[in-house]
Amino acid sequence: EKGGFSSFMDKEIHDQPAAVRDTLLGRLDEKGRLTLDELHIDESVLRSVDKIVVIACGTAAYAGHVARYAIEHWCRIPTEVELAHEFRYRDPIVTEKTLVVALSQSGETMDTLMAIRHAREQGAKVIAICNTNGSSIPRESDASLYTHAGPEIAVASTKAFLAQITAAYLLGLYLAQLRGNMYSDEVIEILDELQKMPEKVQEVIDNEKQVQDLGTQMSDASSVLFLGRHVGFPVALEGALKLKEIAYIHAEGFAAGELKHGPIALIEEGQPVFVIVPSPRGRDSLHAKVVSNIQEIRARGAITIVIAEEGDEDVKQYANHIIYVPQAPSLMQPLLATVPLQVFACALAGAKGYDVDQPRNLAKSVTVE
Ligand code: BG6
């Protein structure tokens, strides 16, 4: 069933172009317009939403963090992302105007399910974004938007993550259109970019050898750091999580802007640091800021592994290793930049001789609180 791959994780990394494509499938009509008829929630309810709370655990929570940037930008609705187990127990402010979006691959995560129950008791509407048909989370939600990643076997999540981002983006675009924040032609333009992503993800996968070699080469590392900014920040967190989960080495993700407020003290000679660089074509000069972060850590002896957009020549001189991903709008970058981090973790853990599909102490779905 591994289809010739050495592990399910490896296979599922390669399934990602299909996971994104299938999650988009059937949700656009022949004119490229978005149709989410499956969301059986009254449109007037969705129009009156005044806050969105995304709840999830683990990788799904990082997908939620990515989605937040897009949803707030497109819909202008205040959006929070919270770990389900923290949300439930802090007496959160939830009303009938709160839309809760629960993200879960398995649909059986008890922490997330308890948070859903709590939110619904307060009158909130819950939309589940889930990969498993008929599982508990969609059953207990008001509506569901399924990700079509196919069954995910490896404990460490890969293709579900990309599919969750894709589905959450569809939901964000749908709400933006419904509420009049976006004209339908703007939505069609973004959907068009989204539809180009499977091919671009495939391009990243086609270059996996470079990253696999890096993973093998660095298998003695005792700690790896990840830096990212804007949507690159949750990508950094996800990159670190993959390494913790399957390679059992200390790994941490930071917001690049936070570097000078603390984490830079960790940098010493030989410390590997992944940096996800925003597009140089983006607004807000975030590219220049992250490039200057790379200079700062390089000056202190870090080994920099830079993930940048094709054509970004400026950053090259500060990179010990550079991994190029195809050009895409900023909000789409997580669908590309995450892939090398997955490949790296998988190769590094493999080089250490670990079973990447069944990491110690972890279960695919945690059905206890
Ligand atoms: C953890 C899994 O226990 O649960 C992670 O090991 C996963 O891989 C997290 O991201 C959340 O799971 P789910 O099924 O709710 O997305």
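Here the structure is a predicted model, which is why all the values come from computation and not from measurement. (Residues numbered from 1 in each chain as written. Predicted model: local features only at pLDDT ≥ 70, side-chain atom pairs only at ≥ 80, totals over all residues. Heavy atoms only, no water.)

1. Quick look at the overall build of the chain
Phase 1 of the analysis: Helices and strands together make up the secondary structure of the chain, namely 13 helices and 10 strands.
Phase 2 of the analysis: Relative to the globule expectation of 21 Å for 369 residues, the C-alpha radius of gyration of the chain, 20 Å, shows essentially globular dimensions.
Phase 3 of the analysis: A principal-axis box enclosing the C-alpha atoms of the chain has dimensions of 55 × 45 × 40 Å.
Phase 4 of the analysis: Taking all 369 residues of the chain together, the buried fraction comes to 59%.
Phase 5 of the analysis: The average position of the 35 basic charges and that of the 51 acidic charges among the side chains of the chain differ by 2 Å. (Helix = DSSP H or I, 4+ residues; strand = E, 2+ residues; numbered from the N terminus. Rg over C-alpha atoms; globule rule 2.2 N^0.38 Å. Buried < 20%, exposed > 50% of the residue type's maximum accessible area, 1.4 Å probe, protein only. Lys, Arg positive; Asp, Glu negative; His and termini not counted. Charge placed at Lys NZ, Arg CZ, Asp CG, Glu CD.)

2. Topic: the sheet that holds strand β8 (residues 272-276)
Phase 1 of the analysis: Within the open sheet, the 5 strands sit side by side as β7-β6-β8-β9-β10. Their pairing is parallel. This sheet does not close on itself; its edge strands, each paired only once, are β7 (250-255) and β10 (321-325). Averaged over neighbouring strand pairs, the angle between their axes works out to 15 degrees when direction is ignored. (Pairing = 2+ DSSP bridges. Axes fitted to C-alpha atoms, helices over the stretch in contact; angles between N-to-C directions.)

3. Some points on the layout of surface pockets
Phase 1 of the analysis: Counted as a void, the largest pocket has a volume near 790 Å³.
Phase 2 of the analysis: As for the largest pocket, its lining consists of 31 residues, and the residues nearest its centre are H73, R283, P329, S330 and L331.
Phase 3 of the analysis: Going through the elements one at a time, α4 (58-75), α9 (184-206) and α12 (286-299) are the ones with two or more residues in the lining of the largest pocket.
Phase 4 of the analysis: Across the lining of the largest pocket, the residue classes break down as 13 nonpolar, 9 polar and 9 charged.
Phase 5 of the analysis: A volume near 520 Å³ is recorded for the second largest pocket.
Phase 6 of the analysis: Listed by contribution, the elements that provide at least two residues to the lining of the second largest pocket are α4, β3 (98-104), α6 (110-121) and α11 (232-247). (1 Å grid on protein atoms, 1.4 Å probe; cavity = no way out; pocket = protein on both sides within 12 Å on 5 of 7 lines; lining within 4 Å. Points joined across faces, edges and corners; volume = space filled by probe spheres on them. Nonpolar A, V, L, I, M, F, W, Y, C, P; charged D, E, K, R; others polar.)

4. Some remarks on the nonpolar core
Phase 1 of the analysis: Counting 96 residues, the largest nonpolar core has W74 and L243 as its most contacted members.
Phase 2 of the analysis: No other element matches helix α8 (residues 159-178), which puts 13 residues into this core.
Phase 3 of the analysis: The residues contacting W74, other than those within four sequence positions of it, are Y169, G172, L173, A176, N181, M182, I190 and L331.
Phase 4 of the analysis: Judged by nonpolar contacts, the second largest core, of 21 residues, contains L225, A256, V275 and I294. (Core = buried A, V, L, I, M, F, W, Y, C linked by side-chain atoms within 4.5 Å. Contact = heavy atoms within 4.5 Å.)

5. Considering unusual backbone geometry
Phase 1 of the analysis: One non-glycine residue, R76, lies in positive phi territory at about 55 degrees.
Phase 2 of the analysis: In this structure, R76 sits in the loop between α4 and β2 (79-83).
Phase 3 of the analysis: Even without glycine at this site, H230 takes up a positive phi of about 55 degrees.

6. With respect to the site of the ligand
Phase 1 of the analysis: By nearness alone, 14 residues border the ligand, and T59, S104, Q105, S106 and T109 come closest of all.
Phase 2 of the analysis: One of the side-chain nitrogen or oxygen atoms of S104 is found 2.6 Å away from an oxygen atom of the ligand.
Phase 3 of the analysis: A distance of 2.6 Å is found between an oxygen atom of the ligand and a side-chain nitrogen or oxygen belonging to S106.
Phase 4 of the analysis: Alone, the ligand offers 390 Å² of accessible surface; in the complex the protein occludes 91% of this.
Phase 5 of the analysis: Assessed atom by atom at 2 Å from the grid points, the ligand resides in the second largest pocket.
Phase 6 of the analysis: It is α4 that contributes the most residues to the shell around the ligand, 3 residues altogether.
Phase 7 of the analysis: Class assignment of the residues belonging to the shell around the ligand gives a composition of 5 nonpolar, 7 polar and 2 charged. (Near = heavy atom within 4 Å. Polar contact = N/O pair within 3.5 Å; in protein donor to acceptor, adjacent residues only side chain to side chain. Areas by Shrake-Rupley, 256 points an atom, 1.4 Å probe, with all protein chains shown as cover. Sits in = over half its atoms within 2 Å of the grid points.)

7. A look at the side chain of T147
Phase 1 of the analysis: Mapping T147 onto the fold places it in the loop between β5 (143-146) and α8.
Phase 2 of the analysis: Its relative accessible area of 3% is what places T147 among the buried residues.
Phase 3 of the analysis: Among the polar contacts listed, one links the side chain of T147 to the side chain of N131, at a separation of 3.0 Å.
Phase 4 of the analysis: For T147, the contacting residues outside a window of four places in its chain are T23, I129, C130, N131, A163, Q164 and A167.

8. Section: the pairing of β3
Phase 1 of the analysis: For β3, the buried fraction is high: 7 of the 7 residues fall into the buried class.
Phase 2 of the analysis: Across the two faces of β3 the burial is the same, with T98, V100, A102 and S104 and L99, V101 and L103 all buried.
Phase 3 of the analysis: Bridge analysis of strand β1 (residues 51-56) against β3 gives 5 bridges, and the strand direction is parallel. Among the inter-strand pairings, V54 is bridged to a residue of β3, identified as V101.
Phase 4 of the analysis: Examined bridge by bridge, β3 and strand β4 (residues 125-130) share 6 bridges and lie parallel to one another. Bridging across to β4, V101 finds its partner in I127.
Phase 5 of the analysis: As a crossover connection, the stretch from β3 through α6 into β4 is right-handed. (Right-handed = clockwise from strand over helix to strand, strands pointing away.)

9. Considering the sheet that holds β3
Phase 1 of the analysis: If you trace the 5 strands from one edge of the open sheet to the other, you get β2-β1-β3-β4-β5, paired in parallel fashion. For this open sheet the edge positions go to β2 and β5, each flanked by a neighbour on one side alone. The sheet shows a mean angle of 20 degrees between the axes of neighbouring strands, taken without regard to direction.

10. Quick look at the environment of P280
Phase 1 of the analysis: Following the sequence through the fold, P280 ends up in the loop between β8 and α12.
Phase 2 of the analysis: In this structure the C-alpha to C-alpha distance between P280 and S104, which are 176 residues apart in sequence, comes to 33 Å.
Phase 3 of the analysis: Ignoring sequence-local partners within four residues, the contact set of P280 consists of H287, E309 and D312.

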